[in-house]
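# Residue-level structure breakdown
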Amino acid sequence: MFPSTAFFAYDNRFVWGIIMGQVTIARFRGDTTFGLVARTLATFLGGVLGMVMWYISCGSGRGNAYGLAAVCAVCFPMLFFARLYWPGPPMTIIVLCVTCILVIGYSYQDTVQILPGNPGYGFTVAWVKSQSHS
């Protein structure tokens, strides 16, 4: 529909923004406000957790598959446990886990493949994800 914005949407992986927009829809204003605050907090914490996992595994370098596998082997079971047994609303922990995994996945993809839509690795990916969450 708008050809000038197509590259921007592809460059910033805008599909996640569409998903987050659909998650926002609620019947009551209080539910919408709570969802927005919870998603904002979960996106921030998921980005921080993803950056911590990325920089522990790869340091300031451009990726280490073995280090990333070791960090994921330690951290993913804890994320899975939190996803299953979190006492609060499920959408908050789902957004946190997905944001964390997206930061790690896009960071590793940027170090392995050269594509026109790669935002970088570590902090730059977390920043792009935090900008497209609301």
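What comes next concerns the included structure. (Residues numbered from 1 in each chain as written. Predicted model: local features only at pLDDT ≥ 70, side-chain atom pairs only at ≥ 80, totals over all residues. Heavy atoms only, no water.)

### Overview of the packing of aromatic side chains
Filter applied, for reference: Only Phe, Tyr and Trp rings are paired, with Trp represented by its six-membered ring, and only when their centres lie within 6.5 Å; those with planes under 30 degrees apart are stacked, over 60 edge-to-face, the remainder tilted. Each helix is a run of DSSP H or I of at least 4 residues and each strand a run of E of at least 2, with the numbering of both proceeding from the N terminus.
As enumerated under the stated definition, the model contains two aromatic pairs in all. Taken together, a centroid distance of 5.9 Å and an interplanar angle of 40° make the contact between Phe76 and Phe80 tilted. Residue Phe76 and its partner Phe80 are located together in helix 4 (residues 65–85), separated by four residues, close to a single helical turn. Ring centres of Phe81 and Tyr85 lie 4.9 Å apart, and the angle between their planes is 45°; on these two criteria the pair is classed as tilted. In this pair, Phe81 and Tyr85 both sit in helix 4, four residues apart, roughly one turn of the helix.

### So, the packing of helix 4 against helix 5 (residues 90–112)
Put simply, the rule is: Axis definition: a line fitted to C-alpha atoms, over the contacting stretch in the case of helices. Angles run 0 to 180 degrees between N-to-C directions. Roughly parallel refers to an angle under 35 degrees, roughly antiparallel to one over 145, roughly perpendicular to one between 65 and 115, and oblique to any angle outside these ranges. Contacts are assigned to residue pairs with any non-hydrogen atoms lying within 4.5 Å of each other.
Axis separation between helix 4 and helix 5 bottoms out at 11 Å; the angle between their running directions is 170°. For the element pair helix 4 / helix 5, the angle class is roughly antiparallel. Residues Ala65, Leu68, Phe76, Leu79, Ala82 and Arg83 of helix 4 form the contact with helix 5, whose own contacting residues are Pro90, Ile93, Ile94, Leu96, Cys97, Cys100, Ile101, Ile104 and Tyr108.

### Regarding helix 4
How we decide: How far a helix is expected to stretch is found by multiplying one less than its residue total by 1.5 Å. The seven residues ending at a residue and the seven starting there each receive a fitted axis; the angle between those axes is the bend at that residue. For every residue, the accessible area obtained with a 1.4 Å probe (protein chains only) is divided by the maximum for its type, and the residue is called buried under 20%, exposed over 50%, and partly exposed between those limits. Whenever a nitrogen or oxygen atom comes within 3.5 Å of another N or O atom, the pair is scored as a polar contact, on the condition that within protein one atom can donate a hydrogen and the other can accept it, and that pairs from neighbouring residues in sequence are kept only if both atoms are in side chains.
Taking 1.5 Å as the rise per residue, helix 4 with 21 residues should run 30 Å; its terminal C-alpha atoms sit 30 Å apart, in good agreement. The largest bend in helix 4 comes to about 30°, at Cys75, with the proline Pro77 one to four residues further on. Every buried residue of helix 4 is accounted for by Gly67, Leu68, Val71, Cys72, Cys75, Phe76, Leu79 and Ala82. Those residues of helix 4 that are buried lie in contact with helix 3 (29–58) and helix 5. The distance from a side-chain oxygen at the start of helix 4 to the backbone nitrogen of Tyr66 is 3.2 Å, and the residue carrying that oxygen is Asn64.

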